[in-house]
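# Residue-level structural notes
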Amino acid sequence: MNATNPIYFVGAGPGDPELLTIKGRRLLDEADVIVYAGSLVNPALLTGLHARLHNSAGLNLDETSALLIEGYQRGNKVVRLHTGDPAIYGAIKEQMLRLDEENIPYAVVPGVTSATASAAALKAELTLPEISQTVIITRQAGRTPVPEKESLQLLASHQATMMIFLSVGMIDTVVSELMAGGYPATTPIAVVEKASWPDERTVSGTLATIARQIKEAGITKTAMIIVGEVLAGQLKSESKLYDKEFSHEFRQGS
Ligand code: SAH
């Protein structure tokens, strides 16, 4: 068998091929079989490889699992390539349970999630002192339901920074839930489409304006919604970390 080659779930990053880890790059270069999420993985990551390539977009879970399992059993190096970071809306758990049933070992290599790639596009810090120290990763319910306790309206009551995946096609509902939950209409909100791709677009506005802006821009998918006062471009206070009065393990304050 194949004890030295676990199956690797690899994060492909948000789009820019340079936003792949060095470990992910090595595993792709060495792979014999790659099953990739064709809807969002940049094909530029897959050029010049010797691996057999399988686009999972048209396959069901039985079919993708069979490709992974057969590759492993043949002694091949197998990579399952997921967009962004595999741990976030990656549907990896169901695949891992299939591998567990066959006693096949696997490991995960993280990737740059589109959440932080979108923050980079906006040059935003998601956690500002006295404004928000919490980031909520969530989505509007769609075909995949969201537990009632996690509705956008309830999460909005915290007025933390929120990164809303998979929801730009429901921007009207997103905005009305956020306002019903307590964000003022003046709260800054931004949408980043195709973060880190050559055709990346960002749209910034407020809860009062964003739905119209998104429709005018024609953005319907592959976009991150970021909402919160951290986008207002203001600071209430500077961080303690670099405060000249403040001592810590590595620096004596004055
Ligand atoms: N695991 C992925 C998310 C997969 S779910 C990650 O960590 O990024 C797919 C959703 O991710 C899309 O609907 C969109 O909300 C977001 N997304 C993926 N790539 C994106 C990109 N390049 N720019 C903005 N949003 C993106």
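Here, every reference points to the structure presented above.
Residues numbered from 1 in each chain as written. Predicted model: local features only at pLDDT ≥ 70, side-chain atom pairs only at ≥ 80, totals over all residues. Heavy atoms only, no water.

### Some remarks on the overall build of the chain
Test applied: Helical segments are the DSSP runs of H or I of at least four residues, strand segments are the runs of E of at least two, and each set is numbered from the N terminus. Exposure classes here rest on a 1.4 Å probe applied to the protein chains alone. A residue is buried below 20% of its type maximum, exposed above 50%, and partly exposed in between. We call two residues in contact when some of their heavy atoms are within 4.5 Å. Here the accessible surface of atoms and residues is derived via Shrake-Rupley with a 1.4 Å probe, and residues count as covered only by protein chains that are part of the display.
Along the backbone of the chain there are seven helices and ten strands. Overall size of the chain, expressed as C-alpha extent along the three principal axes, is 60 × 50 × 35 Å. Scored against the burial criterion, the 254 residues of the chain give a buried share of 43%. Within the chain, contacts between residues at least 6 apart in sequence are counted, and of these 67% link residues at least 24 apart. Accessible area of the chain: about 13500 Å², with a carbon and sulfur share of 53%.

### So, the side chain of Arg-80
To keep things clear, this is the line we draw: Positive: Lys, Arg. Negative: Asp, Glu. His and the chain ends are not part of the count. Think of a salt bridge as a Lys or Arg side-chain nitrogen and an Asp or Glu carboxyl oxygen that are within 4 Å of each other. Contacts described as polar in this section are N or O atom pairs within 3.5 Å, which, within protein, must combine one atom able to donate a hydrogen with one able to accept it, while residues neighboring in sequence count only if both atoms come from side chains.
With respect to the helices and strands, the residue Arg-80 is situated in strand β4 (residues 78-82). Look at Arg-80: it is buried, it has no salt bridge, and the nearest opposite charge is Glu-94 at 7.6 Å. At a separation of 2.9 Å, a polar atom in the side chain of Arg-80 contacts the side chain of Gln-95. Non-local contacts of Arg-80, meaning those with residues more than four positions away in its chain, are made with Tyr-8, Phe-9, Val-10, Val-35, Tyr-36, Ala-37, Ser-56, Thr-64, Leu-68 and Gln-95.

### Focus: the packing of aromatic side chains
Working definition: an aromatic ring pair is given by the centre-to-centre distance plus the angle between the planes. Applicable threshold: Here the aromatic set is Phe, Tyr and Trp, taking the six-membered ring for Trp, and pairing holds for ring centres within 6.5 Å; pairs whose planes are under 30 degrees apart are stacked, those over 60 apart are edge-to-face, and all others are tilted.
In this structure the tally under the stated criterion is two aromatic pairs. Here Phe-9 and Tyr-106 contribute two aromatic rings whose centre-to-centre distance is 6.0 Å and whose plane-to-plane angle is 90°, an arrangement assigned as edge-to-face. Taken together, the residues Phe-9 in strand β1 (residues 7-11) and Tyr-106 in strand β5 (residues 106-109) connect sequence positions 97 residues apart. Residue classification places Phe-9 among the buried residues on the basis of a relative accessible area of 0%. For Tyr-106, a relative accessible area of 26% gives the class partly exposed. Judged by centre distance (5.2 Å) and plane angle (55°), the rings of Tyr-89 and Phe-165 are tilted.

### Here's the deal with the nonpolar core
Stated formally: Put simply, a nonpolar core is a bunch of buried Ala, Val, Leu, Ile, Met, Phe, Trp, Tyr and Cys residues held in one set by side-chain atoms that sit within 4.5 Å of each other.
Core analysis: the largest hydrophobic core is formed by 24 residues, its most contacted members being Met-162 and Leu-178. Elements with a contribution of two residues or more to this core: α5 (152-156), β7 (161-165), α6 (171-180), β8 (188-193), α7 (210-217) and β10 (223-227). Looking at which element gives the most residues to this core, the answer is α6, with four residues. With 17 residues, the next largest nonpolar core counts Ala-31, Leu-46, Val-79 and Val-109 among its residues.

### Remarks on the sheet that holds β10
Backbone hydrogen bonds are what pair the strands of a sheet, in a parallel or an antiparallel way. Just so we agree on the cut-off: We call two strands paired when DSSP finds no fewer than two bridges between them. Axes, fitted as lines to C-alpha atoms, cover a helix only where it is in contact. Angles between the N-to-C directions of the axes lie from 0 to 180 degrees.
With mixed pairing, the five strands of this open sheet are ordered in space as β6-β7-β10-β8-β9. Unpaired on one side and paired on the other, β6 (135-139) and β9 (201-206) mark the two borders of the sheet. Neighbouring strand axes in the sheet, compared pairwise and without regard to direction, differ in orientation by 20° on average. Pairing of β6 with β7 involves five bridges; the strand directions are parallel.

### Brief notes about the sheet that holds β4
Strands sit in the order β3-β2-β4-β1-β5 across an open sheet of five strands; the sheet is parallel. Since the sheet does not close on itself, it has two edges, and those belong to β3 (52-55) and β5, each with one partner. Going from strand to strand, the sheet's axes swing by 20° on average, the running direction of each strand aside. By the bridge criterion, four bridges tie β1 to β4 in an arrangement that is parallel. If you follow Val-10 over to β4, its bridge partner there is Leu-81. Packed on one face of the sheet, helix α2 (residues 61-73) meets β1, β2 (33-36), β3 and β4 and runs near 150° to β4.

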